[in-house]
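# Coordinate analysis (summary)
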Amino acid sequence: MIALRKMAPPEILATKGPEWTAEYLAAKTAGEPVSDTVRFRYRHAAVKATLHEETHSKCAYCETRVSVGETDHILPVKERPELICVWENLALCCKECNRAKGPYYSASEPLINPFVDDPDRHLLFFGPLVLHRSGDDKGMRTTVRLELSRPDLIERRSRRINDLMPLVDRWKVHEEGETKKLLWQLILKEAADDSEYAATVRAYLFSEFGVRVPSEPDNRAAA
Ligand SMILES: [Zn+2]
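As a starting point, this report considers the structure included with it. (Residues numbered from 1 in each chain as written. Predicted model: local features only at pLDDT ≥ 70, side-chain atom pairs only at ≥ 80, totals over all residues. Heavy atoms only, no water.)

With that settled, consider the overall build of the chain. Counting its secondary structure elements, the chain contains eight helices and four strands. Counting from the amino terminus, helix and strand elements in the chain follow one another as α-α-α-β-β-α-β-β-α-α-α-α. A total of 223 residues make up the chain; the buried ones form 42% of that total. Counting 33 positive and 35 negative side-chain charges, the chain places the centres of these two groups 2 Å from one another. (Helix = DSSP H or I, 4+ residues; strand = E, 2+ residues; numbered from the N terminus. Buried < 20%, exposed > 50% of the residue type's maximum accessible area, 1.4 Å probe, protein only. Lys, Arg positive; Asp, Glu negative; His and termini not counted. Charge placed at Lys NZ, Arg CZ, Asp CG, Glu CD.)

Distances from the zinc ion to its protein donors, namely Cys59 (SG), Cys62 (SG), Cys94 (SG) and Cys97 (SG), fall within the range 2.3 Å. If you look at the zinc ion, its four donor atoms make angles of 105 to 115 degrees with each other, and the shape they trace is tetrahedral. Along the chain, the residues that donate to the zinc ion are spaced as C-x2-C-x31-C-x2-C. Separated by 38 residues along the polypeptide, Cys59 in the loop between α3 (45–55) and β1 (70–73) and Cys97 in helix α4 (residues 95–101) bring together distant segments of the chain. Of the two residues examined, Cys59 and Cys97, each falls in the buried class. (Donors = N, O, S within 2.8 Å, 3.2 Å for Na, K, Ca; no water. Tetrahedral: all angles 85-135°; square planar, octahedral: opposite > 155°, others 65-115°.)

Once that is clear, we can look at a nonpolar patch on the surface. There is a patch of nonpolar side chains on the surface, built from Leu124, Phe126 and Leu131 and spanning about 260 Å² of accessible area. Here Leu131 shows up in strand β4 (residues 129–132). On the basis of relative accessible area, Leu131 is assigned to the partly exposed category, the value being 34%. (Patch = residues over 30% accessible without salt bridge, like charges linked within 9 Å, V, L, I, M, F, W, Y side chains within 5 Å. Areas by Shrake-Rupley, 256 points an atom, 1.4 Å probe, with all protein chains shown as cover. Salt bridge = Lys/Arg side-chain N within 4 Å of Asp/Glu carboxyl O.)

Right, let's talk about unusual backbone geometry for a bit. Residue Ser57 is not a glycine yet carries a positive backbone phi of 60 degrees. Here Ser57 lies in the loop between α3 and β1. With phi around 55 degrees, Tyr197 is a residue other than glycine that occupies positive phi space. The residue Tyr197 is located in the loop between α7 (178–190) and α8 (198–209) in this model. Residue classification places Tyr197 among the buried positions, given a relative accessible area of 2%.

Our focus in this paragraph is the packing of aromatic side chains. For the coordinates displayed, the defined rule picks out four aromatic pairs. Judged by centre distance (5.3 Å) and plane angle (45 degrees), the ring pair of Trp171 and Trp184 falls under tilted. Taken together, the positions of Trp171 in helix α6 (residues 151–173) and Trp184 in helix α7 put the pair 13 residues apart, joining distant regions of the chain. Ring pairing ties together the aromatic residues Trp171, Trp184 and Phe209, which thus form one cluster. Taking the ring centre of Trp87 as reference, the NZ or CZ of Lys6 above it sits at 4.1 Å. When the ring centre of Phe206 is taken as origin, the NZ or CZ atom of Arg212, which lies over that ring, is 3.8 Å away. (Phe/Tyr/Trp six-rings, centres within 6.5 Å; stacked < 30°, edge-to-face > 60°. Lys NZ or Arg CZ within 6 Å of the ring centre and 35° of its normal.)

What follows concerns the environment of Gly102. Tracing the sequence through the fold places Gly102 in the loop between α4 and β3 (123–126). In the structure, Gly102 is positioned 95 residues away from Tyr197 in sequence and 22 Å away in space, judged by C-alpha atoms.

Right, let's get into the pairing of β4. Where β3 lies against β4, four bridges are found, and the strand directions are antiparallel. Each bridged residue has a counterpart across the sheet, and for Phe125 the counterpart in β4 is Val130. Following β3, the chain reverses through two residues before pairing antiparallel with β4; Gly127 in that reversal takes a positive phi of roughly 55 degrees. (Pairing = 2+ DSSP bridges.)

Have a look at this one:
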């Protein structure tokens, strides 16, 4: 999980969102069965496309690359129906994280919202594992509820680190010069926001080089 930035809402949601929300709430209040059309308007193709763009087609929680992915309500519609078509409440996520997260909701004890929180302040990326920082309840709730160290993720993250090792080895032994500089650029690329499991890669590179690789400047880091 990495810190994410919410893009501007897609035009369709900015203009139609309030109307779609009102329609959904009216149907619910009337006790009528809500039609799929009204219930799933937030799944509009333009909304999905922007969700893909802002997370580089990765699950907002576990960073697994998704080709289609699911649209998650960060705060579940069951508890917060008024947020059904609110852009800030939507995120691209993988099927497994969506299933694990389920209808979890607590106003006083929320999970990490990667668009608001800096996950690094709550989570520890330790090899292929994702752990909570000692004493951090928000991190603990998030790792447990989202199953961020589930076996398939551990396997994928392990493979990610293993695939990166030859490049790191090569950089370390290479003589100074342009080639070595280019190798470093390739290493940095692996840790970029659009790279799969970037948080794991960054932690691995930190353990190897003792430096935080550059990422997007973010005022949350100073908070
Ligand atoms: Zn996921």
